[in-house]
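Residue-level listing of the chains:
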Amino acid sequence: MKVILVVLSFSVLVSCGFVSKNKTSKKNIAESPTVFEDSYYQNLGKNIKRLHHLMQGTFIAHKENRSKTLESWSVSEGDSVILYSVPLGEVGKQGYWIYSYEFMTSLPDEPIYSTIKQIKQPSRDTLEVLYYKTKTPIKLGLSEVIDPKILNEKIRINELVLMDKKVVYVKKTAAQFLGYSRTYEDKQFDCLRQNKYDLSPNFYKVEAVFFDKENQKELSLKNRPSILVRRAIDFKVLYKIATK
C-alpha cells in the first residue's frame, strides 16, 4: 500500500485535539460520567443500548511492545490508523445501526475498510450484530462520513442488503461485551478464520484466530494490530485531517 507522508504531523495535531479524561473528570467531578467510565454504560439500562454506545466513537490502533505496554501503531512517520464509528438512522424508527470507517491519517478518503452493522437482541444477555452492504458500491470520504446528514443521505437503511456475516456478543458486565464471529474462509491466508471482539469503555480489542482447512487445527499466523484505544478526538481535528 502506497502511503503518502503527512505534511502536518498527525501526532501533534491529535494531541492538541484529545480531550483529557483525567482533567475532565477532575474539573467536572459532579457532572455525569463520561464514555470512558463503566458507570456511563451502566446508566443506559438496556444491553442493546450499551453495546450500541460502546461501538461508537474514535479509536486509534495500538500494538504491544516487548514490555507488554501499548504504543501507537504507525504505518509511517506521523501516520496513524483511526477507527471512526457513528450511529446510522434514528433508533426510534430503524433500531440500532452503526457505520464504521477505518483509515490512515495520510489517506483519509481511502478507507482500510468500512462496515454497516445492525444490532439485534434475541435474548437478555445475548446480542447479534448483522452486517449489510449497499445495493451498488458507493465511495465515501472522511468529510462525508463525519457529516451525519450526508452520511444518512448516502446510506439508506431501507435499501441495504444483508450479508452472510454475523457476530454474536455476550454480556460480561454492564460495560463489557465479548463477541465471536462465525468461522469463515480467509482467502488471504487460505485457511479458516474466526474473529473475537472485546468491547469495553477504553478498549476495542479484535483478535483473529486461524484454523487449518483440513484438520481444523489452530494456526500460528501474524495479523495486523488488534488493540484499538478509545480517544476523544475533537471534531475540528477530524475535519482538518479530512480536508488537508
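Scroll up to find the structure this text is about.
Given the structure is predicted, the values throughout are model-derived calculations rather than measurements.

*Asks:* What is the right way to read the side chain of serine 181 from this model?
*Replies:* Mapped onto the elements of the fold, serine 181 is located in strand E9 (residues 176–181). Assessed through its relative accessible area of 8%, serine 181 is described here as buried. Within the structure, serine 181 has its side chain in polar contact with the backbone nitrogen of asparagine 195 (distance 2.8 Å). When residues no more than four places from it in sequence are discounted, the contact partners of serine 181 are Lys166, Val167, Gln194 and Asn195.

*Asks:* What am I meant to see in helix H8 (residues 235–243) here?
*Replies:* Turn by turn, an α-helix covers 3.6 residues, leaving residues three or four places apart pointing in a common direction. Every buried residue of H8 is listed here: Val237, Leu238, Ile241 and Ala242. Viewed along the axis of H8, the buried residues span an arc of 135°, placing them on a single side of the element. At the N-terminal end of H8, a side-chain oxygen is found 2.8 Å from the backbone nitrogen of lysine 236, two or three residues along, and the residue is aspartate 234.

*Asks:* Just checking my understanding: could you explain the pattern of salt bridges for this structure?
*Replies:* Between side chains of opposite charge, a pair can form as their charged atoms come close. A complete count under the given rule lists eight salt bridges for this structure. Where glutamate 159 meets arginine 156, a salt bridge forms, and the shortest distance between an N and an O atom there is 3.9 Å. Residue classification places arginine 156 among the partly exposed residues on the basis of a relative accessible area of 48%. With its nearest N and O atoms 2.7 Å apart, the salt bridge here joins arginine 182 to aspartate 164.

*Asks:* When you look at the side chain of serine 85 in this model, what are you seeing that I'm missing?
*Replies:* Residue position: serine 85 is located in strand E4 (residues 79–87). Judged by its relative accessible area of 2%, serine 85 falls in the buried class. Leave out the neighbours within four places in its chain, and serine 85 touches Met55, Gln56, Gly57, Ile98, Tyr99 and Ser100.

*Asks:* What should I look at first to understand helix H4 (residues 47–55) in this one?
*Replies:* Counting buried positions along H4 yields seven of nine residues, so the element is predominantly enclosed. Residues Asn47, Ile48, Arg50, Leu51, His52, Leu54 and Met55 constitute the buried set of H4. Looking at the residues trailing H4, positive phi occurs at glycine 57, about 125°.

The rules we used
Residues numbered from 1 in each chain as written. Predicted model: local features only at pLDDT ≥ 70, side-chain atom pairs only at ≥ 80, totals over all residues. Heavy atoms only, no water. Helix = DSSP H or I, 4+ residues; strand = E, 2+ residues; numbered from the N terminus. Buried < 20%, exposed > 50% of the residue type's maximum accessible area, 1.4 Å probe, protein only. Polar contact = N/O pair within 3.5 Å; in protein donor to acceptor, adjacent residues only side chain to side chain. Contact = heavy atoms within 4.5 Å. Arc of directions from axis to C-beta. Salt bridge = Lys/Arg side-chain N within 4 Å of Asp/Glu carboxyl O.

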